[in-house]
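So the chains spell out like this:
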Amino acid sequence: MDWDDTSSRPPAPPDGYGPDGTGPGGAADAAERLVGASADGEDQAVEAALRPKSLAEFVGQERVREQLDLVLKAALARGATADHVLLSGAPGLGKTTLSMIIAAEMGAPIRITSGPAIQHAGDLAAILSSLQEGEVLFLDEIHRMSRPAEEMLYMAMEDFRVDVIVGKGPGATAIPLELPPFTLVGATTRAGLLPPPLRDRFGFTAHMEFYAPAELERVVHRSAQLLDVDIEPDGATEIAGRSRGTPRIANRLLRRVRDYAQVKADGLITRDIAATALAVYEVDERGLDRLDRAVLQALLKLFGGGPVGVSTLAVAVGEERETVEEVAEPFLVREGLLARTPRGRVATPAAWAHLGLVPPQAQGPGSGQQGLFGA
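Residues numbered from 1 in each chain as written. Predicted model: local features only at pLDDT ≥ 70, side-chain atom pairs only at ≥ 80, totals over all residues. Heavy atoms only, no water.

**Remarks on the overall build of the protein**
Assigned secondary structure in the protein consists of 15 helices and nine strands. The 375 residues of the protein split such that 48% are buried. By element, 52% of the accessible surface of the protein is carried by carbon and sulfur atoms, the whole surface being about 17500 Å². (Helix = DSSP H or I, 4+ residues; strand = E, 2+ residues; numbered from the N terminus. Buried < 20%, exposed > 50% of the residue type's maximum accessible area, 1.4 Å probe, protein only. Areas by Shrake-Rupley, 256 points an atom, 1.4 Å probe, with all protein chains shown as cover.)

Pasting the structure below:
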């Protein structure tokens, strides 16, 4: 592997979750959304204070926690470094937090970087060669690494060495560089993009699921205690129900409701205060915000529930196609409010009920919608 190799992999196609947790073209829109899963500077600063420090404190992901606990305790008992760990799942579910917990449980330092930051093999070699024995290397968005760096990582993970190429052409010489044992923790929102040779080198893989409302209530109560916020159980229930199954969103909504309670009330968060505050921020009882409702209203009121093409739908709501397709639609589909079909987007009965609208009566044979020219 030549450290100066400047070739790189073509950019990954859109998947609904870019490097910052947003879809391509919709990054700015998603970053401004209260219910967006991406983390801005404020979120990152607050998350650092709210993150649990051990597996015992980590809320949710019971199966992953149990399996990971066995992996780490077995490694400690053997006096060895832990197996490489791959964490996949949507943004905001705790992949970075778990990587820090792994380092804490193993009593090892942690180095944090990301796939987009490693564009050349030399970038990765510089990081690997400076690792200490037992150190944890957290590589976020690992599927976005360049191809040369990825190929170097194969040998580093399996044999704890990299080959340094000195010179070029027929006179080039490969000098093996031994690495101390380390633990790689990779995080990805698109596990399917990882090539099999890389995926197979992880000793433990885990998929992070969206959280149940009861788990998010525990997250909200824990965060409220750390933020010194007074909250009643029904207030936490209200916030959790609008958090789209994501702890990051739950913590963000808690902070906004806290602000409202301090300014408009006596600082105590009750169900009514939480509901009123989130209504001000246009987050409804199912977690839909202005963009989500605009998409549904256009689909129902302008196009009779569909089917309609996503480009037409985007024009109707005044947004870019990518914003609708990659920022709004994933949650609407997951909630069962919208379906993607070969003919276009179609609203489900739940969408009509959620907006309080009555679907048009089913038309009999021969009475379908007219075509473009009335045919």
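**A closer look at helix H10 (residues 247–264)**
Spanning 18 residues, H10 covers 25 Å between terminal C-alpha atoms, matching the ideal 26 Å at 1.5 Å per step. Among the 18 residues that make up H10, 14 are buried, leaving the element largely enclosed by the rest of the structure. (Expected span 1.5 Å × (residues − 1).)

**What about the side chain of Arg345?**
Here Arg345 is to be found in strand E9 (residues 344–347). Residue classification places Arg345 among the buried positions, given a relative accessible area of 11%. A distance of 2.8 Å separates the side chain of Arg345 from the side chain of Glu329, its partner in a polar contact. Those residues in contact with Arg345, other than ones at most four positions away along the chain, are Leu299, Gly305, Gly306, Pro307, Val308, Val310, Leu313, Glu325, Glu329, Leu338, Ala339 and Arg340. (Polar contact = N/O pair within 3.5 Å; in protein donor to acceptor, adjacent residues only side chain to side chain. Contact = heavy atoms within 4.5 Å.)

**Concerning the packing of helix H3 (residues 62–78) against helix H4 (residues 95–106)**
Where H3 meets H4, the axes come as close as 10 Å, and the angle between the chain directions of the two elements is 30°. The angle between H3 and H4 falls in the class roughly parallel. With respect to the hand of their crossing, H3 and H4 are arranged in right-handed fashion. Here Val64, Leu68, Leu72, Ala75 and Leu76 of H3 lie close against H4, whose contacting residues are Leu98, Ile102, Glu105 and Met106. Residue composition of the contact of H3 with H4, grouped by class: eight nonpolar, no polar and one charged. (Axes fitted to C-alpha atoms, helices over the stretch in contact; angles between N-to-C directions. Parallel < 35°, antiparallel > 145°, perpendicular 65-115°, else oblique. Left-handed = near helix turned anticlockwise from the far one by under 90°. Nonpolar A, V, L, I, M, F, W, Y, C, P; charged D, E, K, R; others polar.)

**Digging into the nonpolar core**
Core analysis: the biggest nonpolar cluster contains 47 residues, and Leu68, Leu98, Ile231, Ile239 and Ile269 have the highest contact counts within it. Per-element tally for this core: the top contributor is H10, with seven residues. With near-sequence residues (within four places) excluded, Ile239 lies in contact with Val220, Ile231, Ala250, Leu253, Leu254, Val257, Ile269 and Ala274. Of all hydrophobic cores here, the second largest spans 25 residues; its members include Ala125, Met145, Leu179 and Phe202. (Core = buried A, V, L, I, M, F, W, Y, C linked by side-chain atoms within 4.5 Å.)

**Topic: the sheet that holds strand E3 (residues 136–140)**
The five strands are arranged E2-E3-E6-E1-E7 in an open sheet whose pairing can be described as parallel. A single partner strand is all that each edge strand has here, and the edge strands are strand E2 (110–114) and strand E7 (204–207). Neighbour-to-neighbour, the strand axes of this sheet turn through a mean angle of 15°, independent of strand direction. Note that strand E1 (residues 85–88) and E7 share four bridges and pair parallel. In the strand pairing of E7, Leu86 is matched with Thr205. Lying on the sheet, H3 is in contact with E1 and E7; it crosses E7 at an angle near 165°. (Pairing = 2+ DSSP bridges.)

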